[in-house]
Amino acid sequence: VNLGVLALQGAVREHLKMIESLGHHGLIIKKPEELSDVDGLILPGGESTTMGKLLNKYNFLPALNKFHQQKKPIFGTCAGLILLAKEINNSESVHLAFMDIKVERNAFGRQRESFEADLDILGFSSKFRAVFIRAPYIMEVGKGVDILSKFADKIVLAKEGHLLASAFHPELTEDTRVHQIFIEMVENRLKQLA
Ligand code: GLN
């Protein structure tokens, strides 16, 4: 399948490498019109406020809204999760507001700015080593949202229909299983259309 990685800012290259290592095509997305070339999109980690501003500046919102309405899968990692959220704690503004989750930014505090943890993820037969970098977490989910993993009682991986969101950076280890969840979502949608 063809997967795009939004490349306005942030951790783009590692996602592309992982997509290619799984035998799929990874495309760098720098312009809204490039979204029509891909069947799924990754919103990478980085800085959500900056990325949100760049989305506006480069007029991405109409094309992203269409992508979402077509139920093309979108995977937000870390800052990308914040972009997807309908609600951000202590903040008036939201970005894409596609996913029925309430999030808190920089949620693990100063002592734990960056850390790794072994997660239990629904459907995985062994732990997943996850890298957290000034990570957000999901405080609340709507009833259409499936919780796939928690760490220290905080939700760190969730899925709502064609949307997937992780608080951690699954592109920073060799373990491809979280990306495989996303690729399956993309493949399943294409099968349903065929
Ligand atoms: N703390 C960042 C933010 O709020 C996210 C960090 C990350 O993507 N690694 O945007």
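Definitions and cut-offs
- Residues numbered from 1 in each chain as written.
- Predicted model: local features only at pLDDT ≥ 70, side-chain atom pairs only at ≥ 80, totals over all residues.
- Heavy atoms only, no water.
- Helix = DSSP H or I, 4+ residues; strand = E, 2+ residues; numbered from the N terminus.
- Rg over C-alpha atoms; globule rule 2.2 N^0.38 Å.
- Buried < 20%, exposed > 50% of the residue type's maximum accessible area, 1.4 Å probe, protein only.
- Contact = heavy atoms within 4.5 Å.
- Areas by Shrake-Rupley, 256 points an atom, 1.4 Å probe, with all protein chains shown as cover.
- Lys, Arg positive; Asp, Glu negative; His and termini not counted.
- Charge placed at Lys NZ, Arg CZ, Asp CG, Glu CD.
- Salt bridge = Lys/Arg side-chain N within 4 Å of Asp/Glu carboxyl O.
- Near = heavy atom within 4 Å.
- Polar contact = N/O pair within 3.5 Å; in protein donor to acceptor, adjacent residues only side chain to side chain.
- Nonpolar A, V, L, I, M, F, W, Y, C, P; charged D, E, K, R; others polar.
- Phe/Tyr/Trp six-rings, centres within 6.5 Å; stacked < 30°, edge-to-face > 60°.
- Lys NZ or Arg CZ within 6 Å of the ring centre and 35° of its normal.
- Core = buried A, V, L, I, M, F, W, Y, C linked by side-chain atoms within 4.5 Å.

K.L.:
Before we go on, may I ask you to explain the overall build of the chain in this structure?
P.N.:
Check the secondary structure of the chain and you find five helices and twelve strands. Compactness check: the chain gives a C-alpha radius of gyration of 15 Å against a globular reference of 16 Å for 194 residues, within 12% of the reference. Seen along its three principal axes, the alpha-carbon backbone of the chain occupies a region of about 40 × 40 × 30 Å. For the chain, the proportion of its 194 residues judged to be buried stands at 51%. In the chain, of all internal contacts separated by at least 6 residues, the share reaching a separation of at least 24 is 65%. For the chain, the exposed area adds up to about 9500 Å²; of that, 45% sits on carbon and sulfur atoms. Seen as two clouds, the 24 positive and the 24 negative side-chain charges of the chain have centres 3 Å apart.

K.L.:
How should I be thinking about the pattern of salt bridges in this particular structure?
P.N.:
As a working rule, side chains carrying opposite charge can pair if their charged atoms are close by. Throughout the structure, instances matching the rule amount to six salt bridges. Residues R129 and E116 are paired through a salt bridge, measuring 3.0 Å at the closest nitrogen-oxygen approach. One end of the pair, R129, is in strand β8 (residues 128-133); the other, E116, is in strand β7 (residues 114-119), and 13 residues separate them in sequence. Residue classification places R129 among the partly exposed positions, given a relative accessible area of 37%. Connected through shared salt-bridge partners, E116, D118 and R129 make up one network.

K.L.:
Hey, could you run me through the side chain of D39 in this one?
P.N.:
Note that D39 resides in the loop between β2 (25-29) and β3 (40-43). No salt bridge is formed by the buried D39; the nearest opposite charge belongs to R189, separated by 5.4 Å. In contact with D39, other than residues within four places in its own chain, are V1, N2, F67, K72, P73, V186 and L190.

K.L.:
Explain the site of the ligand here, please?
P.N.:
Contacts to the ligand come from G45, G46, E47, S48, C78, A79, I82, R105, N106, I133, R134 and H169. At a separation of 2.7 Å, a nitrogen atom of the ligand approaches a polar side-chain atom of N106. Contact distances for the ligand include 2.9 Å between a nitrogen atom and a backbone N or O atom of R134. Compared with its free state, where it exposes 300 Å², the ligand has 96% of that area covered by protein. Split by residue class, the shell around the ligand holds four nonpolar, five polar and three charged.

K.L.:
Help me out: how do you make sense of the packing of aromatic side chains in this one?
P.N.:
Aromatic ring pairs: the centre-centre distance and the angle between the two ring planes describe each pair. For the structure shown, the criterion picks out eleven aromatic pairs. Ring centres of F115 and F132 lie 4.7 Å apart, and the angle between their planes is 5°; this geometry places the pair in the stacked category. Here F132 lies in strand β8 and F115 lies in strand β7, a separation of 17 residues in the sequence. With respect to class, F115 is no different from F132; both count as buried. One aromatic cluster in this structure is built from F108, F115, F124, F128, F132, Y137, F151 and F168. Of note, K154 hangs over the ring of Y137, and the distance from its end group to the ring centre comes to 5.1 Å.

K.L.:
So what exactly am I meant to see when it comes to the nonpolar core here?
P.N.:
Grouped burial of nonpolar side chains is what soluble globular proteins tend to show. Grouped together as the largest cluster of nonpolar side chains are 65 residues, with contacts concentrated most on F108, L119, F132 and F168. Per element, the largest residue contribution to this core is six residues, and it comes from helix α5 (residues 177-193). What F168 contacts, discounting residues up to four positions off in sequence, is T77, C78, L119, I121, F128, A130, V131, F132, V156, L157 and V178.

K.L.:
It is not clear to me how the side chain of R189 should be interpreted in this structure. Could you clarify?
P.N.:
Following the sequence through the fold, R189 ends up in helix α5. Polar side-chain contacts of R189 include one of 3.1 Å to the backbone oxygen of Q70. Excluding residues within four positions of it along the chain, R189 makes contact with Q70, K71, K72 and P73.

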